[in-house]
Structure formats: C-alpha cells, structure tokens
Protein chains: 2
Amino acid sequence: MFPETTNVVSVRWSGDGSGVTIVDQRLLPGEYVERDLRTVADIVDAIRSLAVRGAPAIGVTAAMGLAHLAGAAAAEGLNAPAFRARISEYGLALKGARPTAVNLAWAVDRVLRASGANEDPETAARAMRREADTILAEDRAMCRRIGELGASLIEDGMTVLTHCNTGALATAGIGTALAAVYVAHESGKRIQVVASETRPLLQGSRLTAWELQRAGIPVSVVGEGAVASLMQAGRVDCCIVGADRITRYGDVANKIGTYSHAVVARAHGVPFYVAAPFSTIDAATERGSQVHIEQRSPAEVLSAAGHLAPSAVAALNPAFDVTPASLVAAIITDRGIFRQPYDFGGASPAGPASPIL
Amino acid sequence: MFPETTNVVSVRWSGDGSGVTIVDQRLLPGEYVERDLRTVADIVDAIRSLAVRGAPAIGVTAAMGLAHLAGAAAAEGLNAPAFRARISEYGLALKGARPTAVNLAWAVDRVLRASGANEDPETAARAMRREADTILAEDRAMCRRIGELGASLIEDGMTVLTHCNTGALATAGIGTALAAVYVAHESGKRIQVVASETRPLLQGSRLTAWELQRAGIPVSVVGEGAVASLMQAGRVDCCIVGADRITRYGDVANKIGTYSHAVVARAHGVPFYVAAPFSTIDAATERGSQVHIEQRSPAEVLSAAGHLAPSAVAALNPAFDVTPASLVAAIITDRGIFRQPYDFGGASPAGPASPIL
C-alpha cells in the first residue's frame, strides 16, 4: 500500500520492537513494500542489494540496526566480553556492506562508541539505542537545514537538474539535494526539475520522479546522454546533486554520472552544487583519486531495468544532439579526413579542396 | 536464424524480387529476423520504428524501396503522368519517415532524378533500379574507404570509445565509425572498444556489442554516465562516432549523447573523431542550431528496454565517480555552504572556519 502523505519514511523502528523497518526501494515505483530487518544478514543484504540506499539512509539504517542487534545480544544474557565481541563483529559486517559512502562507517562507529567501555551489556545496549535515536533525529534536522540553505540558491522560475535520488528515500528526513528543491517549492518558488534517469539502476526515473510527482513538483526524466544537449539549449539553470564522500579538498564521490554532469555544466556555465550532510566530509582523505570506488555487477548494465518510471511522468526524448565543430578533432569521410576549420561551402559535388589525408 | 558469417547484410533485394529485405534491428541481439518490405507503408514503418536504422542504411533502404515501388507502379500499367505523380508521392512519404538524417532525402532524390523527365514508366523504373543498385554499391565502397582512413587514426593498443551503432547494421557495408575499428582490427592492431549503451534504445549494448562480439573484437558496454569517469582514469584513447548530418561548418548532428561525449572528451584531451559518408554533409545548412532535431516518444525513456545485451559480453559498472573540486561551484552542508578553495582539513568536529552562507 502506498502511503497517503507526501512524506515518505524510508527507515523507522519496527512497531513491535523487533528490528528496523525500511521501504524496499528496489520495487518502486511499481510497488510500495516495507520490510522488517531483524538479523545482521537482513541489514547487510538490504544495504548491499540497494533495498535501502542513499548515503544518509544507509547510515541511519546501520545505526538503528546495530542498536537493535545490541539489544538482542544483551537480552540473550551474554557476558560483557562476549557482548563486546559480538557488537564489534556486527559493526564490521555492517561497515563492509558498501565501501564508498562514508556515512555508513561513521554512523556505525558512533553507535559502537556510545556503548561505552565498561558498561554491562544491558546498559551499553540502551546507550546504543539512544545514540541511534540521536542519529535519526539529527539526520532529519540536517535534511531540513540543507534544504533551507540549498533553496537559497534556487530562484523562482529555475529548472534544476538532479541526478540519482537524494530525497526522502535517501535519508531519514526530506533529503539533501532534493531537500533544496522541496524547500524552494514549499516557499512558493515556481521551479521544475530535470531528473537524469541514472543508469544502470534508474534511481532518477524510478525514485526521484516518483517522489517529486507525489509532491506536485514538475519533473521530466532524461537519459544521461541528453543532459549536455539540454544545457546547450539553455534549458538547465543549475545542477544540484548529493554526495557519498567529500574529501578534504572538496572532491566529491557520488553516483556514477555525477562527474559527467559536472563537466558538461562547467562547459555551459551552469552552476553545479553539491548538497550533503557534513558527516559526508572525510577530511582524512585529501583527494578524490584516493577514494575507493565500488565496482558493481556488469549484469546491472547489461540487463534492462526491472521497473518502469511512475505512470504519467514526463520525459524528454530528443533522438539526436548537435556537437559543435569546435569539439570535433576530425571528420573522416569517404573523400578524406577533414580538420578544423571546417568549411564545406564549396563541397558539392567535387568536395572541398583540402582533406588532410 | 543467425547468419554464420561475420558480415551482416542489413539490407538487400528480396530473393523473389518482391521488394527489399532488411534485418529487423529491434529484435537484436535476442533474435535475428529478416523482414520483407513490399509497400510504401512497410518501408516508412520500418524506418520510423527503427527496424532499419543508421543514416546510410536508411538511405539505401529508401532508395531500393523507391525503385521497387516504381517497378510495381510501372507494372500496373500507369500512364506517364500518373506514374510521375505516384513516385513523387512515394518519395515524399519516404523522406518524411525521419527528419534528421540527410542521407534519406539525398538517396530518395537521387532515385527520383534517375527516373528522367520524359521516359515511359518502364524505362524510368529500370533507370531507378540501376540508380538504387549504384547507391548500394557506392555505400559498400564508401564504408571500406572510411574504414581505411579511420583506421589510420587508430593505433595498436588503443581503447576506442564509440556511441550508438555505426557498423554493418547501420550501412549496406562494414559501417562508418565502426568500419575504422573493423579495418584496424583486420590489419592486426590490438584494439578494444568501449560501447556506450546509448539510451533510450540501447543501440550500443544491443547492436554494437553484438557486431563486435561476432567479429572477435573485445568490447565493453558502459552507461553514458560512466564515460567521463573512464576518461578521467585515462582509459579511453580516442572517440569515434558517426553522423546523421554535418553542416557546412562542421557541426555534427548525431544520436543523442554524442555531444556529451564530445564535451567530456575535450575536457580530458581525448581526440573526438566523426566518421560519415560525404553525403552526410549538408552544405546548405551552416550551423548545427539550424538542424531539425527529431523528438521521439517519452515512452522510450520511461520504459525499460525490450532487449538485453548479447550473453557473455563484458560491461563496466562503477557505482560512483569522482568530481574534482574545481568543477564544484559550492558544497551545501548542514553546517553551511562552502565555496572554493575547499579545505576541510581542520573541520572535525567544529567545522571549517568559513562557510559563506
């Protein structure tokens, strides 16, 4: 069943205290299914398979999951050393679920630290649960603050390009990059969003389009390859994306395709903004080249997506684009190879004077 | 049934003289099905639905189709004025099937001109058939010549990025951009190809990967969004793409996504080549901004592809990429908005000194 409110709660405590409940994002927009995560395997699998995704949401899920597992371990009556060993083992498993997002390790480490060094298991588990609640509350507040700051960069009438999904589904609150869009819309600015579909798993068309459509914000889906062409036509006013890790000097690791958008935005003078919780900053890593990039299964690229975009969402589908001569190193024809400057004015039928080869 | 030879014949005269036979490219790589086109509606539909695609193949198909239709009209015993009216009507219908590729109108006009002004229908139809045969033969020779010229730009050991499909399926011969790859491979150069998948219809993963795999040339499929990241890692040595229309001053209209690759190639110092028959040059159009860009159905973007890539083809699937700080206009966090130059070295836990907002 789809929730009726605009607000999507991507992660929460299960009603019966038995674990953590997430929205299974693999099934959207076709189906809205919640899943209860009870075991460490459940949580690791949900993170790894992208049932729960988005750096902040992953961090919150892992924090809450670890607190839940610690409570269960304490209830088993483990002694303190066995309890410590167990939660430390859980922490390693959770941190290993995905390597790129820094929030995951950061959230797990916070909950582990909250267990204290000398507490008995019951006391430690209660402290861990409080810390997980704090992380959850902080994540919501963080989203709101990012949204307000980001919205200050979005003017009335703007078309905003975003990539992947950085909204309510990706966080415990209203999102990061998409929070800026929500707050701008809320404050009465007439904006529209271009969501790049985000191959291979189509988080843009499946999740961002779904969230924005529910919120009544005009959204069009485009393939990644069409973004440069839209910018060339002056149809994008700014870009705003999220981040999985930001290095000391500001390099941004984010969903594949982000860098491409940044290069083409720069080429067209379109401002390129990154919105992320401060916990995304990994000051110990200086440069992006030092960030470990997760390589996922080729099957994701080689297969079609399992899900369609929500019904009635708009899309742009130009079949071609135009590359200016200035970007073309050579034109190879059956009458020779031509180089810049091109002038085919006297070309037909005898051909221009000077193919270079 | 799949043909056993490496050479794919994308368009040919039907064996029984009843029309033109094409390979239905919508079904590849899953199924190899040939279709006979007999009526003008068959031909227009095959072109519009991309059953036959690729600017040169479309031109050859339309030329052969028109010659076939002229033969049928002459056989009906139409008088000369009725015959002229009929073939002129066919020509308009064929030219209207797709608007961007210049070859289509060029090939149709050649066949119409070959009908002569004062011939009787039978004589005119025979002349049109000869002209269509000439166009077919020229297309094959053109492919070979482009392949040889293009191969001269590809060195041993290079990784070549290509987009969409510009091979045997897209022409009556061995292709345009992909011809360069075929000839380089044939001459013993050890090369590999990165095929960008080419959303929404996946001509890269469906057709280019299929052709190259049959030819024994190593190929990896990537999503459009991953190309910039590959170039950033130094993994692409040159780009070679086809063209649907080249303007007087060298602007290149081609499959959506081409321009994006050109922008990112320029940003990384990777040479960007265009390979196309000389007939692709439309000297009457000065600039790319004057080219009519076909807008296709949003359903293509909003739905998953109907076909998977060929089995056992490779793919690259990095889940993230890295955008250098220099391309980031601002980083918006819950602790403020940061601008360049970024230095988060003293950031944790108090935050850097100077968010600007």
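Residues numbered from 1 in each chain as written. Chains lettered and ligands numbered in written order. Predicted model: local features only at pLDDT ≥ 70, side-chain atom pairs only at ≥ 80, totals over all residues. Heavy atoms only, no water.

Attention now moves to the relation of the copies chain B and chain A. In screw terms, the move from chain B to chain A is a rotation of 180° and a rise of 0.0 Å along the axis, fitting with an RMSD of 0.0 Å. Each copy turns onto its partner about a two-fold axis. Take the interface residues of chain B: 100% of them recur as interface residues in chain A, which is what a same-surface contact looks like. (Least-squares fit on C-alpha atoms with pLDDT ≥ 70 in both. Contact = heavy atoms within 4.5 Å.)

A few words on the interface of chain B and chain A. The interface of chain B with chain A comprises 105 residues on the first partner and 105 residues on the second. Seen at the junction of chain B and chain A, the total is four salt bridges. Our enumeration of links across chain B and chain A arrives at 10 residue pairs in polar contact (both at pLDDT 80 or more). It is helix α9 (residues 258–267) of chain B that contributes the most residues to the side of chain B that touches chain A, eight residues altogether. The residue makeup of the side of chain B that touches chain A, split by class, is 61 nonpolar, 26 polar and 18 charged. In terms of strand pairing, strand β10 (residues 272–275) of chain A meets strand β14 (residues 330–333) of chain B through three bridges, oriented parallel. If you follow A275(A) over to β14(B), its bridge partner there is I332(B). (Salt bridge = Lys/Arg side-chain N within 4 Å of Asp/Glu carboxyl O. Polar contact = N/O pair within 3.5 Å; in protein donor to acceptor, adjacent residues only side chain to side chain. Helix = DSSP H or I, 4+ residues; strand = E, 2+ residues; numbered from the N terminus. Nonpolar A, V, L, I, M, F, W, Y, C, P; charged D, E, K, R; others polar. Pairing = 2+ DSSP bridges.)

How two helices pack is summed up by the angle between their axes together with the distance between the axes. Residue and element names in this part refer to chain A. Running from N to C, helix α1 (residues 40–48) and helix α2 (residues 55–75) point in directions that differ by 175°, and their axes come no closer than 10 Å. Considered as vectors, α1 and α2 are oriented roughly antiparallel to each other. Note on element contacts: α2 touches α1 through I58, T61, A62, G65 and L69, opposite V40, I43 and I47. Tallied by class, the residues present in the contact of α1 with α2 amount to six nonpolar, two polar and no charged. (Axes fitted to C-alpha atoms, helices over the stretch in contact; angles between N-to-C directions. Parallel < 35°, antiparallel > 145°, perpendicular 65-115°, else oblique.)

Residue and element names in this part refer to chain B. The geometry of helix α6 (residues 177–186) relative to helix α7 (residues 203–215) is characterised by a closest axis approach of 12 Å and an angle of 15° between their N-to-C directions. Put simply, α6 runs roughly parallel to α7. The hand of the α6/α7 crossing is right-handed. On α7, the residues touching L178, V181, Y182 and H185 of α6 are T208, E211, L212 and A215. Here the residues of the contact of α6 with α7 sort into five nonpolar, two polar and one charged. (Left-handed = near helix turned anticlockwise from the far one by under 90°.)

The next thing to look at is the confidence of the model for chain A. Residues and elements named next belong to chain A. Here chain A averages 87 in pLDDT, and 89% of its residues register 70 or above. Under a pLDDT of 50 for its full length, residues 1–5 has, in the predicted model, 10 contacts with residues more than four places off or in other chains. Counted against residues more than four places away or in other chains, residues 347–353, with its pLDDT under 50, gives 12 contacts. In the model output, the complex is listed with pTM 0.87 alongside ipTM 0.86. (pLDDT = per-residue confidence, 0-100.)

Our next topic: the sheet that holds strand β3 (residues 34–37) of chain B. Residue and element names in this part refer to chain B. Pairing is antiparallel across the open sheet formed by three strands, whose spatial order is β1-β2-β3. Looking at the sheet topology across the chains shown, the edges are occupied by β1 (11–13) and β3. On average, each strand axis in the sheet is tilted by 25° relative to the strand beside it, whichever way the strands run. Where β1 and strand β2 (residues 20–23) come together, three bridges link them in antiparallel fashion. Bridged to W13 within β2 is V20.

Residues and elements named next belong to chain A. Inspection of the entire model under this criterion finds two aromatic pairs over all chains. Just above the ring of W13 sits the side chain of R129; from NZ or CZ to the centre is 3.6 Å. Over the face of the ring belonging to W210 we find R214, whose NZ or CZ atom lies 4.7 Å from the ring centre. (Phe/Tyr/Trp six-rings, centres within 6.5 Å; stacked < 30°, edge-to-face > 60°. Lys NZ or Arg CZ within 6 Å of the ring centre and 35° of its normal.)

This part takes up the sheet that holds strand β3 (residues 34–37) of chain A. Sheet strands pair via backbone hydrogen bonds, and the direction of the pair is either parallel or antiparallel. Residue and element names in this part refer to chain A. The strand order across the open sheet formed by three strands is β1-β2-β3, and the pairing between neighbours is antiparallel. Among the strands making up the open sheet, the edge pair consists of β1 (11–13) and β3. Each strand of the sheet is rotated relative to its neighbour by a mean of 25°, with strand direction disregarded. Of the strand pairs in this sheet, strand β2 (residues 20–23) and β3 are connected by four bridges, and their pairing is antiparallel. Within β3, the residue paired with V23 across the bridge is E34.

This part covers helix α3 (residues 80–95) of chain B. All names here are of chain B. For α3, with 16 residues, the first-to-last C-alpha span of 22 Å sits near the 22 Å given by 1.5 Å per residue. Those residues of α3 that fall on the buried side of the exposure criterion are F83, I87, Y90, G91 and L94. Burial along α3 is one-sided: seen end-on, the buried residues are contained in an arc of 100°. The exposed set on the far side of α3, more than 90 degrees from its buried face, consists of P81, E89 and L92. Where α3 is buried, its residues meet α1 (40–48), α2 (55–75), α4 (102–114) and α5 (121–151). (Expected span 1.5 Å × (residues − 1). Buried < 20%, exposed > 50% of the residue type's maximum accessible area, 1.4 Å probe, protein only. Arc of directions from axis to C-beta.)

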